[in-house]
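Chains, contacts and geometry: an overview
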Amino acid sequence: ILVFFDEAYFEFAKRKDYPDTIQLLRKYKNIIVTRTFSKMYGLAGLRIAYGIAEENLIKELESKKLPFSINVMAVPAALAALEDEEFVTKCAALNTIERKNIFNEFKKLGYNTIPTHSNFLYVYFNELNEKESFLEELSQSGFMVRPMDIFGNEKALRISVGTHEQNRKLIDFLVKNQ
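Here is a short report on the structure shown in this document. (Residues numbered from 1 in each chain as written. Predicted model: local features only at pLDDT ≥ 70, side-chain atom pairs only at ≥ 80, totals over all residues. Heavy atoms only, no water.)

Some thoughts on the side chain of Glu-7
Here is the rule we go by: Here a strand is any run of E in DSSP of at least two residues, a helix any run of H or I of at least four, and the numbering for each starts at the N terminus. When accessible area is computed with a 1.4 Å probe and restricted to protein chains, residues below 20% of their type maximum are described as buried, those above 50% as exposed, and intermediate ones as partly exposed. Two N or O atoms count as a polar contact when they lie within 3.5 Å, although within protein this holds only if one can serve as hydrogen donor and the other as acceptor, and sequence-adjacent residues are included solely when both atoms are side-chain atoms. Any pair of residues with heavy atoms lying within 4.5 Å of one another is described as a contacting pair.
The residue Glu-7 is located in the loop between β1 (3–6) and α1 (21–27) in this model. What makes Glu-7 buried here is its relative accessible area of 4%. At 2.8 Å, the side chain of Glu-7 and the side chain of Arg-35 are in polar contact. When residues no more than four places from it in sequence are discounted, the contact partners of Glu-7 are Tyr-18, Thr-21, Val-33, Thr-34 and Arg-35.

Okay, structure coming up:
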């Protein structure tokens, strides 16, 4: 049985108790860890990620890989992104600050959100019509919010952490329309 760890938000996780899946790889041969360049590195449009696993497992997976599955620009962009540690450090620090700020503001305004270590807030509503109304207001005002229906929660929204200016506009909008 393969055990799959999706670490798309790995670079955002700064908790000391975050699991060290790479250590698990040394102990177990049935583990695959994947990480992406879509989140922290900002390369979502290039659709590139990577997997870490035991060598024989990688060989088996590569034998089933579709040809030309990665576009010609994605690999050099990903390699350059890996070398730019300063960018990742800066983005992680800014995201941490903005995530805490926006989380605290949402809590002050009475929204039901849970602590996170990613680049988005998960906002839960008690009533479906409350969520739909909130989504409609934000969408009509130019804010992009993602419904969580596809993930099995029709009463929740995902709101990405933006720049300080973007987050301030969102909070100002919410305060004004409360």
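A few points about the sheet that holds strand β4 (residues 112–113)
Here is the rule we go by: Two strands are said to pair when DSSP picks up at least two bridges between them. What counts as an axis is a line fitted to C-alpha atoms, over the stretch in contact for a helix, and the angles between N-to-C directions run from 0 to 180 degrees.
Here we have four strands laid out as an open sheet, ordered β4-β5-β7-β6, and antiparallel in their pairing. Pairing within the sheet leaves two strands with one partner each, and these edge strands are β4 and β6 (146–147). Direction of pairing for β6 relative to strand β7 (residues 156–160): antiparallel, over a ladder of two bridges. Bridge pairing in β7 places Pro-147 opposite Leu-157. Along the sheet, helix α4 (residues 85–108) contacts β4, β5 (120–124) and β7; its crossing angle with β5, the most-contacted strand, is approximately 15°.

Structural notes on the sheet that holds strand β2 (residues 31–36)
Read across the sheet, three strands follow the order β1-β2-β3 without closing on themselves; strand pairing throughout is mixed. Looking at which strands have only one partner, the edges of the open sheet turn out to be β1 and β3 (49–53). Neighbouring strand axes in the sheet, compared pairwise and without regard to direction, differ in orientation by 20° on average. Docked against the sheet, helix α2 (residues 55–62) engages β2 and β3, running at close to 135° with respect to β3.

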